[in-house]
Structure formats: C-alpha cells, structure tokens
Amino acid sequence: MKWPPFKHDSKTYDLTHLHPCTLKFERPAEGNRAAEVYTVDVVFTLHCFSREPKEAENSDASLIYPDSHEKRLFDFRRYELSKLLPSIIQALPAKKAHHGNRSNFFSVEIITENGTTVEYDIFFKMKKVSKGRLEMLVQTAFVRDPAHESTRPDGKPIRFWIILYNTLNNKPFRT
C-alpha cells in the first residue's frame, strides 16, 4: 500500500518512506558456502505511524487515519521514528532479531530521541511469495514505554540470514 500523506493543522506529513519497496540482501561467501542474494519486498502497515486510542481517551477526530481494515490515530512520535525504519531494515543482516510468539520476529533498536536512549521495537513477518522472492511485512514499530511493557515476547535470538534462508526454503524455525 502506498500511504497517502496525512494532513493536520495545515501541515502535510509525507509517508513515502513507508511505501512498499524491494531490497536485495547479499550474504557474502564464507568458507564452503557460496554467496547468496535474497530479494525481499518490504511492506509497512499503518501501525508504524499510528496507534489505537487509549482507554477513555477523548481523541481528536482530525487525527484519524484509516486504511481498508481499520481506523487509527496518527501518532506524531511514531511518525518521526518511522523515518528510521528503511535504514534499520537494511541493517538487519548485521543484527540478531528475536523469534516472537506468533510466527513473527522482532528487533529492538536502541536509539536516541531528544537526548534520551529508548528502545524502539519493530515487529515483522516474513513469507515466501514466489521462487527466490520473500515479503517482509513490518507489522508495527513503537518505543518501549510503560504503555507497552508487557507486549514484548521472550524471543530467542535468531540471525536475519537464518530468517531469510529458512523462509525461502520452507524450513521450520527452532523455538
């Protein structure tokens, strides 16, 4: 989905950084293992830049951002942080993700926001869409704070290369 810009208080918030894109991840040859190239179509949901209204919150109707499935509130903090997502995703091969509890994965980025170190959680699913091609659905991304303390699963670390290889080759993940 190509996200239309959000307009609020005569300001336009561009969302083109969250439009679908295709990335190539190149794993270099190592020892007897040949180099591998993975083609991944990356898709972002509106959860990367919006949120549910809080319980008993009297929300501003002008903040509603809908897609074909739901209506959520545009979140200015999530929006600003979402600008980091494309570069974070491109850097995943150098990091370990974690296997979540619902056939998804998550990565925790430590970032500085307004001079403070925060944990930025990024949840995603990976699936094979055709021979030699994967799709990464970035389900949500948000700062770990008291409102989200209990949502992070206790996932086992897993290299991004294993996620790509196992998904492409229909191999199960050890949990």
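Report follows, based on the coordinates. (Residues numbered from 1 in each chain as written. Predicted model: local features only at pLDDT ≥ 70, side-chain atom pairs only at ≥ 80, totals over all residues. Heavy atoms only, no water.)

Moving on to helix α3 (residues 160-168). Of all the 9 residues making up α3, 7 are buried; the element is thus mostly covered by neighbouring parts of the structure. Looking only at α3, the buried set comprises F160, W161, I163, L164, N166, T167 and L168. Immediately beyond the C-terminal end of α3, within one or two residues, lies N170, with a positive phi of roughly 55°. (Buried < 20%, exposed > 50% of the residue type's maximum accessible area, 1.4 Å probe, protein only. Helix = DSSP H or I, 4+ residues; strand = E, 2+ residues; numbered from the N terminus.)

The next subject is the sheet that holds strand β5 (residues 50-51). If you walk across this open sheet you meet the 3 strands as β5-β7-β6, and the pairing is antiparallel. Lying at the two open borders of the sheet, with one neighbouring strand each, are β5 and β6 (64-66). Judged from the 2 bridges that link them, β5 and strand β7 (residues 71-74) form a sheet pairing that is antiparallel. Note that in β7 the partner of R51 across the bridge is L73. (Pairing = 2+ DSSP bridges.)

This part takes up the state of the cysteines. Covalent bonding between the sulfur atoms of two cysteines defines a disulfide. Across all of its chains, the model carries 0 disulfides by this definition. Summary of cysteine pairing: C21 is not part of a disulfide, and the nearest cysteine sulfur, belonging to C48, is at 12 Å. Residue C21 is classed as partly exposed on the basis of its relative accessible area of 30%. Note on C48: relative accessible area 0%, which makes it buried. (Disulfide = S-S within 2.5 Å.)

The next point concerns the packing of aromatic side chains. Using the criterion set out here, one finds 19 aromatic pairs in the structure. Between F74 and F76, the aromatic rings sit 5.2 Å apart at their centres with planes inclined by 70°, giving edge-to-face as the arrangement. Residue classification places F74 among the buried positions, given a relative accessible area of 2%. Arranged with centres 5.5 Å apart and planes meeting at 40°, the rings of F74 and Y79 form a pair that is tilted. (Phe/Tyr/Trp six-rings, centres within 6.5 Å; stacked < 30°, edge-to-face > 60°.)

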